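Structural overview
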Amino acid sequence: MEPKNKILLVVNPISGNFDKANLINTVKTKLANKNILVEVYETKGHEDIKAISKLINQHQPERLLVAGGDGTIQLVAKVLKDFDLSLGILPAGSANGFAINLNLPDNLNDQIEVATGETTFTIDTLELNGEMCLHISDLGINAELIRLYEHSNIRGKFGYFLQSFPTLFKSNYPYKFTIEAKGHKYVKKGVLLAIANANKFGTGANINPNGKLDDGKFEILIFKRLSIFQILKTLIKNSQLNSNFVEAISVEEATITCKNPVAFQIDGEFIGKRKKVVVKVSDQKLRVAVSKNFNPALNRNNNSEKI
Ligand SMILES: Nc1ncnc2c1ncn2[C@@H]1O[C@H](COP(=O)(O)OP(=O)(O)OP(=O)(O)O)[C@@H](O)[C@H]1O
């Protein structure tokens, strides 16, 4: 990093349900040793974009670091629309779906090294009904699950697990999705339609083996039925997903409609129930710090069936 000697650290105090005092101190101490001053901003949950933009203008940091989950990363990505800055990620959410797709290290010291290091990777972002999406959104049963999870007191993967049982029984699946893309109209029945820029959900499930974060495209994945065996297989790297279970369309833009409103989530945040979702690859790119040996191609293989 060129030594302009200042970075701005945006911290979400509630993400992942753990106290961030230790994280903040570790970042400050480690970067003080490199003669870098750390300005800290703790998110409030409202008017954060304005406040962070103001701090960037005031301090002119050489990099923005973020400690939070996917929602917080999305927040700072929106800020970065107006600035030419790279983003360093310290995963501190309950699921960290985006960080998982970037193969960031597990321990904080290594994460700080990567987040302030020289190697960056520029990724596409998606626009869904005008909202930014960094990795995976969906209509259907997973969004329904997130909605229930938001109303529970349990954070973390175990929360998802516990909430899944009532969801499976209450949902009106399979849903009927109409997808208009590439001049075609596809009508598909499924329990879940995912819109994926990346490969993996926050749980680590590798639902989109063909996903590339930087190819100017995204995948629409239609999960036809609930199969516990196939779902478990998504947890295994390079597993072969059965085409009776999932179909994929790789596109640059699409319009998805359903007869009745279906639960919809973007990057793990429940948005509401929607009958129509218009998706395109956005003009905005995001430059993120990654480890020196990060190889986006390593996550890829060609398993799911293309339509
Ligand atoms: N000070 C705050 N008090 C209450 N809520 C906050 C505060 N700061 C941010 N938030 C809320 O935190 C949410 C984003 O959390 P984030 O997604 O980063 O963490 P998470 O849900 O634990 O992680 P993940 O998305 O990886 O599961 C947003 O809804 C935002 O409004």
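From a predicted model like this one, the values you see are computed outputs, not experimental measurements. (Residues numbered from 1 in each chain as written. Predicted model: local features only at pLDDT ≥ 70, side-chain atom pairs only at ≥ 80, totals over all residues.)

This brings us to the site of the ligand. In the neighbourhood of the ligand, 20 residues make up the surrounding shell, with Ser-15, Gly-45, Gly-69, Gly-71 and Gly-93 lying closest. No other element matches the three residues that helix α3 (residues 70–80) contributes to the shell around the ligand. Class assignment for the residues of the shell around the ligand results in three nonpolar, 14 polar and three charged. Both of domain 1 (6–118) and domain 2 (128–282) provide at least three residues apiece to the shell around the ligand. (Near = placed C-beta within 6 Å. Helix = DSSP H or I, 4+ residues; strand = E, 2+ residues; numbered from the N terminus. Nonpolar A, V, L, I, M, F, W, Y, C, P; charged D, E, K, R; others polar. Domains from an automatic or database assignment.)

Turning our attention to the packing of helix α1 (residues 21–32) against helix α5 (residues 108–115). A pair of packed helices is characterised by two quantities: the angle between their axes and the separation of those axes. Taken N-terminus to C-terminus, the directions of α1 and α5 make an angle of 55°; their axes are 11 Å apart at the nearest point. Taken as axis vectors, α1 and α5 run oblique relative to one another. For the element pair α1 and α5, the recorded crossing hand is right-handed. Here Leu-23, Thr-26, Val-27 and Lys-30 of α1 come into contact with α5, specifically with Leu-108, Asn-109 and Ile-112. Looking at the contact of α1 with α5 residue by residue, the class counts come to four nonpolar, two polar and one charged. (Axes fitted to C-alpha atoms, helices over the stretch in contact; angles between N-to-C directions. Parallel < 35°, antiparallel > 145°, perpendicular 65-115°, else oblique. Left-handed = near helix turned anticlockwise from the far one by under 90°. Contact = placed C-beta atoms within 7 Å.)

Here we take up the pairing of strand β8 (residues 175–181). Two strands pair when backbone bridges link them, and β8 and strand β9 (residues 184–190) are joined in this way by seven bridges, in the antiparallel orientation. Directly across from Ala-181, in β9, lies its bridge partner His-184. Where β8 lies against strand β13 (residues 253–266), four bridges are found, and the strand directions are antiparallel. Of the residues in β13, the one forming a bridge with Thr-178 is Thr-257. (Pairing = 2+ DSSP bridges.)

Quick look at the environment of Asn-17 now. Relative to the helices and strands, Asn-17 resides in the loop between β1 (6–11) and α1. C-beta crowding within 10 Å serves as the criterion here: with 12 such atoms nearby, Asn-17 is assigned to the exposed category. Sequence separation between Asn-17 and Asn-129 is 112 residues; the distance between their C-alpha atoms is 30 Å. (Buried ≥ 20, exposed ≤ 12 C-beta atoms within 10 Å, placed from the backbone.)

So, about the confidence of the model for the protein. Of all residues in the protein, 78% have pLDDT values of 70 or greater, and the mean over the chain is 83. Note that pLDDT drops below 50 for residues 299–307; the model gives that stretch 24 contacts with residues more than four away or on any other chain. Predicted complex, confidence summary: ipTM 0.97, pTM 0.84. (pLDDT = per-residue confidence, 0-100.)

Now for the packing of helix α2 (residues 48–59) against α3. The contact between α2 and α3 brings their axes to 9 Å, and the two run at 55°. In terms of axis orientation, α2 runs oblique to α3. Seen along the crossing, α2 lies across α3 with a hand that is right-handed. Between α2, through Asp-48, Ile-49, Ile-52 and Ser-53, and α3, the contact on the second element is made entirely by Leu-75, Val-76, Lys-78 and Val-79. When the residues that make up the contact of α2 with α3 are grouped by side-chain class, the tally is five nonpolar, one polar and two charged.

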